[in-house]
Amino acid sequence: MLTNKTTYIHEINTLHASNGELYLGYGDDNDHLVINTDTLFRDLPAIIEMVCKENKKEQERIIHQLKISLNNI
């Protein structure tokens, strides 16, 4: 049976690289996500595109909320 485990990383606390690996430290327990830099480099164009698209949607949502708030003043 397959299980789906998702880890949400709200904030990265530490960031360093060594021996072809990127280390992202997160959480109160100082957990680490380790990524192979060769794989990450190949995936960067898609990652950057998705991050920019999602960030733009979030900024548009916030601007919309600000306009509503300003109209209610």
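Residues numbered from 1 in each chain as written. Predicted model: local features only at pLDDT ≥ 70, side-chain atom pairs only at ≥ 80, totals over all residues. Heavy atoms only, no water.

Engineer: What is the right way to read the sheet that holds strand β1 (residues 12-18) from this model?
Structural biologist: Paired through backbone hydrogen bonds, the strands of a sheet run either parallel or antiparallel to each other. Read across the open sheet, the three strands follow the order β1-β2-β3; overall the sheet is antiparallel. Every interior strand has two partners, whereas the edge strands, β1 and β3 (31-36), have only one. Pairs of neighbouring strands in the sheet enclose a mean axial angle of 20°, with direction left out of account. For β1 and strand β2 (residues 21-26), the ladder comprises six bridges, and the chain directions are antiparallel. Within the sheet, the bridge partner assigned to S18 lies in β2 and is E21. (Pairing = 2+ DSSP bridges. Helix = DSSP H or I, 4+ residues; strand = E, 2+ residues; numbered from the N terminus. Axes fitted to C-alpha atoms, helices over the stretch in contact; angles between N-to-C directions.)

Engineer: When you look at the pairing of β3 in this model, what are you seeing that I'm missing?
Structural biologist: Consecutive side chains of a regular strand alternate in pointing toward one face of the sheet and then the other. Where β2 and β3 come together, six bridges link them in antiparallel fashion. Looking across to β3, one finds that Y26 is bridged to D31.

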